[in-house]
Amino acid sequence: MAATNMNPVDNAIITSKLTQILSLEMAKKAGFLKIGSRDYFSDQINGKMRSGKTYQFVIPDAGNVVEGLVISPRPIDERKVELTITNMNNSVRADALELVTDIKWEDEVAETYAGKLINAVVRKEVEKAQPQVNTCFVGEGFRPLAKAAGYLKSIVNEDIVGFIHPEAAAVIRTNGQQFQPVGTPSLYNGDIGTFYGVRFNEEKFLEPIEISQEVVDALSGAKASNITTGDSLTITGVTTADAVLPKNTPIFVKGAFACDTVGDKTTTPYAFVAKEDVALSSTSITVPVSQIITDDIGSRNLNTSALNGKKVSIPASGTYFPAMLRAKGSYDYTPVNTMEFMLSDKTGVGDTAGIKVFANAFTDGVSAINTVRWDAPYMAGTVEARGVSLVYLKDED
């Protein structure tokens, strides 16, 4: 039996030029990670990356303002947001590629393997980010988008960027409304234009929600318990039902207001967005939500009086397609510049607009099978939820 020559793995598959093509294909689909984000942590990541290592983003205190000549200083109370280095990878047996002599790298490898890899990254990060907001605007057409944009512009001095589910954009277009086209083409797929000064990209991994009438009825007489700093909302007075409050549903409590980026109260209702599905199987339910800070400090995001017994509400029954608006800098994306391992000297690195991918080719010492793996180490997440708003556009069917 003739031996198979595995040398092509050196030249045909692992080169920085070919790996660069992979990173370009990944970057095109990475708009959610890159548009309007900032890299806050590159200076802190020294040496080789360690998957799972956590870094902290500090939200500073804003002091204590009082009227008159007498000051009222207090200790500084800073809160921290933690982000963790993540690594995603994709792999293939190298001989499967080598046997295809007329392989088209861009079409048959880059678009498929890179596309699968970046899809996994973006899906994970969108799912994590969707409930990490402090405000939510619900309605039809452009109106809730305009309200979200107006709100964010009132509390930050940064530009606002937007992401919208493709079906939400389609619902708007069917009403004859249009986003304004942008002359300069974008690197990222899904650029659909601007509205109210916000440039929007389609993002397919934003998750729609479907709220049943059963859920609406079950919460029609529900009340909130006292809300303190934490990451859950307890609701009492629930009419038990064989139904589920869907993940990513916004919950509003009478008298609960969002805060601006120095912790001052606004007139916009605070949105408690469910991070998980919650069964309505008890008269009292606990809904996991993003971090709540009620102390009068710079990082406060929720301004309340005593909310015990205050009415709870959710959107009317129906199907809702999401959009997300965020101020530039409220989201972090940090590429990791070095891998924590090197499997061989057959390596390649690609970097397009900060979307970095590492390639390694190696031979299994037992099976003698050549394998190629592509790794994408990174750190990403919302660092300032007060600068992000969720929007739900109701399907008109």
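Residues numbered from 1 in each chain as written. Predicted model: local features only at pLDDT ≥ 70, side-chain atom pairs only at ≥ 80, totals over all residues. Heavy atoms only, no water.

## What to know about the sheet that holds strand β13 (residues 257-259)
Sheets are built from strands that pair by backbone hydrogen bonding, the pairs being arranged parallel or antiparallel.
Link 1 in the chain: Reading across from one edge, β14-β13-β18 is the order of the 3 strands in this open sheet, with antiparallel pairing throughout. Only two strands of the sheet have a single partner each, and these edge strands are β14 (265-269) and β18 (302-303).
Link 2 in the chain: Of the strand pairs in this sheet, β13 and β18 are connected by 2 bridges, and their pairing is antiparallel. Bridging across to β18, Phe 257 finds its partner in Asn 303. (Pairing = 2+ DSSP bridges. Helix = DSSP H or I, 4+ residues; strand = E, 2+ residues; numbered from the N terminus.)

## Structural notes on the nonpolar core
Link 1 in the chain: Leu 145, Ile 164, Phe 179, Phe 272 and Leu 325 are the most contacted members of the largest nonpolar core, which has 99 residues in total.
Link 2 in the chain: The element contributing the most residues to this core is helix α5 (residues 105-129), with 8 residues.
Link 3 in the chain: Residues Ile 85, Val 336, Met 379 and Val 383 belong to the second largest nonpolar core, which totals 8 residues. (Core = buried A, V, L, I, M, F, W, Y, C linked by side-chain atoms within 4.5 Å. Buried < 20%, exposed > 50% of the residue type's maximum accessible area, 1.4 Å probe, protein only.)

## Some thoughts on a positive patch on the surface
Link 1 in the chain: A cluster of basic residues, Lys 29, Lys 116, Arg 123 and Lys 204, forms a positive patch at the surface.
Link 2 in the chain: Structurally, Arg 123 is set in helix α5.
Link 3 in the chain: On the basis of relative accessibility, which here comes to 41%, the residue Arg 123 falls in the partly exposed class. (Patch = residues over 30% accessible without salt bridge, like charges linked within 9 Å, V, L, I, M, F, W, Y side chains within 5 Å. Areas by Shrake-Rupley, 256 points an atom, 1.4 Å probe, with all protein chains shown as cover. Salt bridge = Lys/Arg side-chain N within 4 Å of Asp/Glu carboxyl O. Lys, Arg positive; Asp, Glu negative; His and termini not counted. Charge placed at Lys NZ, Arg CZ, Asp CG, Glu CD.)

## A short note on the pairing of strand β20 (residues 318-327)
Link 1 in the chain: Within β20, 9 of the 10 residues are buried, which leaves the element mostly enclosed by the surrounding structure.
Link 2 in the chain: In this sheet, β20 lies alongside strand β8 (residues 209-211) in antiparallel orientation, the contact comprising 3 bridges. Bridging from a neighbouring strand, Ile 209 pairs with Tyr 320 of β20.
Link 3 in the chain: In the sheet, β20 pairs with strand β25 (residues 388-394) via 7 bridges, with the strands oriented antiparallel. Residue Arg 326 lies in a different strand from β25, and its bridge partner there is Val 388.

## Comments concerning the confidence of the model for the protein chain
Link 1 in the chain: Considering every residue of the protein chain, the mean pLDDT works out to 83; 81% of them sit at 70 or more.
Link 2 in the chain: Counted against residues more than four places away or in other chains, residues 1-12, with its pLDDT under 50, gives 17 contacts.
Link 3 in the chain: Low pLDDT (under 50) marks residues 61-73, which in the prediction has 14 contacts with non-local residues, meaning those over four places away or in another chain. (pLDDT = per-residue confidence, 0-100. Contact = heavy atoms within 4.5 Å.)

## Some remarks on the sheet that holds strand β12 (residues 250-253)
Link 1 in the chain: Read across the sheet, 3 strands follow the order β15-β12-β19 without closing on themselves; strand pairing throughout is antiparallel. The open sheet has two edge strands with one neighbour each: β15 (272-273) and β19 (312-313).
Link 2 in the chain: Note: β12 against β19, 2 bridges, orientation antiparallel. Paired with Phe 252 across the bridge in β19 is Ser 313.

## Comments concerning the packing of aromatic side chains
Link 1 in the chain: A full pass over the atoms with the stated rule returns 11 aromatic pairs.
Link 2 in the chain: Arranged with centres 6.1 Å apart and planes meeting at 50°, the rings of Phe 137 and Tyr 151 form a pair that is tilted. Of this pair, Phe 137 sits in strand β4 (residues 135-139) while Tyr 151 sits in helix α6 (residues 143-155); the two residues are 14 residues apart in sequence, bridging distant segments of the chain.
Link 3 in the chain: The exposure class of Tyr 151 is buried, given its relative accessible area of 6%.
Link 4 in the chain: Taking 6.0 Å as the distance between ring centres and 40° as the angle between the ring planes, the aromatic pair formed by Phe 195 and Tyr 196 counts as tilted.
Link 5 in the chain: Connected via pairs of aromatic rings, a cluster forms that spans Phe 142, Phe 179, Phe 195, Tyr 196 and Phe 200.
Link 6 in the chain: When the ring centre of Phe 32 is taken as origin, the NZ or CZ atom of Arg 326, which lies over that ring, is 4.7 Å away. (Phe/Tyr/Trp six-rings, centres within 6.5 Å; stacked < 30°, edge-to-face > 60°. Lys NZ or Arg CZ within 6 Å of the ring centre and 35° of its normal.)

## Section: the pattern of salt bridges
Link 1 in the chain: With the rule as written, the count across this model stands at 10 salt bridges.
Link 2 in the chain: In this structure, Glu 127 engages Lys 247 in a salt bridge whose closest nitrogen and oxygen atoms are separated by 2.7 Å. Of the two residues, Glu 127 is situated in helix α5 and Lys 247 in the loop between β11 (244-245) and β12; the sequence distance between them amounts to 120 residues.
Link 3 in the chain: Residue classification places Glu 127 among the partly exposed positions, given a relative accessible area of 35%.
Link 4 in the chain: Assessed through its relative accessible area of 17%, Lys 247 is described here as buried.
Link 5 in the chain: Ionic pairing is found between Arg 373 and Asp 375, a salt bridge with its closest N-O pair at 2.7 Å.
Link 6 in the chain: Residue Asp 375 is classed as buried on the basis of its relative accessible area of 0%.

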